[in-house]
Every structure is written in structure tokens, then in C-alpha cells.
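Here is how the chains run, residue by residue.
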Amino acid sequence: MTKAGLILGAVMLVLGIGGSLISPVCVPCLAMVAGIGAGYLACVFDKPLTSGGAAKAGAIAGAIGGAGALLGQIIGGILNSIWVDPQSIIDIMEQFGLPAAYDPDMVRITQIGGGVCFGLLDIVLMAGLGALGGILWHQIAGKNNTAV
């Protein structure tokens, strides 16, 4: 399970950085698919004998992968706060009719804070869907596993 979690964690680190440069909302969508993949891959490597064991292995692998997504979101938020001018964000918000009384420093803090919040959501999503991926593996391939 650790091996699958680290593989998906590295993938989600890269996808987290790239996705959060577009928008922090993009990465949880990727985390849903990656969570199922982490759970399934963990069970391919570990071959647990029970459905509960498969769910546990998948959830742990998903949580490890979600930590990679969290790190990617944080790095992406920091890069966004460096590269994107806060005044341009305030101008875009004014075009949508939102109030323009924003402090540029607060915009930078929310860019990083949004990445952290969505990164924590990624961990929860990937752990939960990793358990689902583990159960799917058990239903598809694990029932034929008779090794003790």
C-alpha cells in the first residue's frame, strides 16, 4: 500500500502543481480518479484476502497520495501568489460585479490558503475513494486470490 501511495503521491504532486496553477478547484477532480487508482493499485501490489483489508489498504494508499496532492496544491498556491498580480485578480472580480475593497496582501494569502484547503479536501477524497478502489479490486480480481 505504501508503494502505491508513493507512486500516486508523486503523480498528484505534479498534477497538483499544474492543476492549481490553473485553478485550485481542478485538483480535487483529478484526486477522485487518482484515489480510486491508488486503492486499486495498492491491492494489486498487496493482494489482501478480505474486502475490509482491501478497503484499508486502498484508504491508506489514497491518503498517502492525497498528501502528495496537498503538497502540490501548496506549491501551486505559492507560485500563483508570486506570478499572478493581485490587482489583476481584483480587476476580474470587479468585472463580475463583486466588491472591489480587497487588499492585495489578502489576495495573496487566500491564494495560498485556498490551496491548503483544497489540498486537505484532496486527502479526504483520495482516502475515501482509495477504499472504494480497494473494494473494487477485491470484487473484480481479489475473489480469485487464494494465496495465504
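Quick summary incoming for the structure in this document. (Residues numbered from 1 in each chain as written. Predicted model: local features only at pLDDT ≥ 70, side-chain atom pairs only at ≥ 80, totals over all residues. Heavy atoms only, no water.)

Looking at the overall build of the protein chain
Alright, step 1. Scanning the protein chain from N- to C-terminus turns up five helices and zero strands.
Alright, step 2. Going residue by residue from the N terminus, the α and β elements of the protein chain occur as α-α-α-α-α.
Alright, step 3. On C-alpha atoms alone, the protein chain measures out to a radius of gyration of 19 Å, which is more than a quarter above the 15 Å that the 2.2 N^0.38 rule sets for 148 residues.
Alright, step 4. Over its C-alpha atoms, taken along the principal directions, the protein chain stretches across nearly 65 × 25 × 15 Å.
Alright, step 5. By the burial criterion, 36% of the 148 residues in the protein chain qualify as buried.
Alright, step 6. Once local pairs closer than 6 in sequence are excluded, the contacts in the protein chain between residues at least 24 apart make up 83%.
Alright, step 7. Accessible surface, the protein chain as shown: approximately 7600 Å² in total, 75% of it carbon and sulfur.
Alright, step 8. In the protein chain, which carries 5 positive and 7 negative side-chain charges, the distance between the mean positions of the two groups comes to 31 Å. (Helix = DSSP H or I, 4+ residues; strand = E, 2+ residues; numbered from the N terminus. Rg over C-alpha atoms; globule rule 2.2 N^0.38 Å. Buried < 20%, exposed > 50% of the residue type's maximum accessible area, 1.4 Å probe, protein only. Contact = heavy atoms within 4.5 Å. Areas by Shrake-Rupley, 256 points an atom, 1.4 Å probe, with all protein chains shown as cover. Lys, Arg positive; Asp, Glu negative; His and termini not counted. Charge placed at Lys NZ, Arg CZ, Asp CG, Glu CD.)

A closer look at the nonpolar core
Alright, step 1. The biggest cluster of nonpolar side chains holds 11 residues, and these are A4, L8, M12, V27, A31, A34, A38, A42, A61, A69 and M126.
Alright, step 2. For this core, the elements supplying multiple residues, two or more each, are α1 (2–22), α2 (26–46) and α3 (51–83).
Alright, step 3. In terms of residue count, α2 provides more of this core than any other element does, five residues in total.
Alright, step 4. Apart from residues lying up to four places away in sequence, V27 is in contact with M12, L15, G16, G19, S20, Q73 and D122. (Core = buried A, V, L, I, M, F, W, Y, C linked by side-chain atoms within 4.5 Å.)

Here we look at the side chain of N80
Alright, step 1. Take N80: it is sitting in helix α3.
Alright, step 2. Overall, the relative accessible area of 13% leaves N80 in the buried class.
Alright, step 3. Within the structure, the side chain of N80 is placed 2.7 Å from the backbone oxygen of S20, a separation counted as a polar contact.
Alright, step 4. Among residues more than four places away in sequence, those in contact with N80 are S20, L21 and Q111. (Polar contact = N/O pair within 3.5 Å; in protein donor to acceptor, adjacent residues only side chain to side chain.)

What about the environment of M1?
Alright, step 1. Structurally, M1 can be placed in the segment before α1.
Alright, step 2. Judged by relative accessible area, M1 falls into the partly exposed class, the value being 30%.
Alright, step 3. Among all residues touching M1, those that are not within four sequence positions of it are A42, D46, A57, I60 and A61.

Re unusual backbone geometry
Alright, step 1. Here the phi dihedral of K47 falls at roughly 50 degrees; this positive angle occurs in a residue that is not glycine.
Alright, step 2. Checked against the element boundaries, K47 lands in the loop between α2 and α3.
Alright, step 3. A residue is classified by how much of its surface remains accessible, and K47, at 43% relative accessible area, is partly exposed.

A closer look at the environment of G115
Alright, step 1. By the element assignment, G115 lies in helix α5 (residues 104–140).
Alright, step 2. Along the primary structure G115 and L132 are separated by 17 residues, whereas in three dimensions their C-alpha atoms are 25 Å apart.

Things to note about the environment of I17
Alright, step 1. In this fold, I17 is placed in helix α1.
Alright, step 2. Given a relative accessible area of 22%, I17 falls into the partly exposed group.
Alright, step 3. Separated by 124 residues in the primary sequence, I17 and A141 have C-alpha atoms spaced 34 Å apart.
Alright, step 4. Those residues in contact with I17 that lie beyond four places of it in its chain are G72, I75, G76 and L79.

Considering the side chain of H138
Alright, step 1. Within the secondary structure layout, H138 lies in helix α5.
Alright, step 2. By relative accessible area, which is 10% here, H138 ends up buried.
Alright, step 3. Leaving out residues up to four positions away in the same chain, H138 has contacts with P48, L49, T50, S51, A54 and K143.

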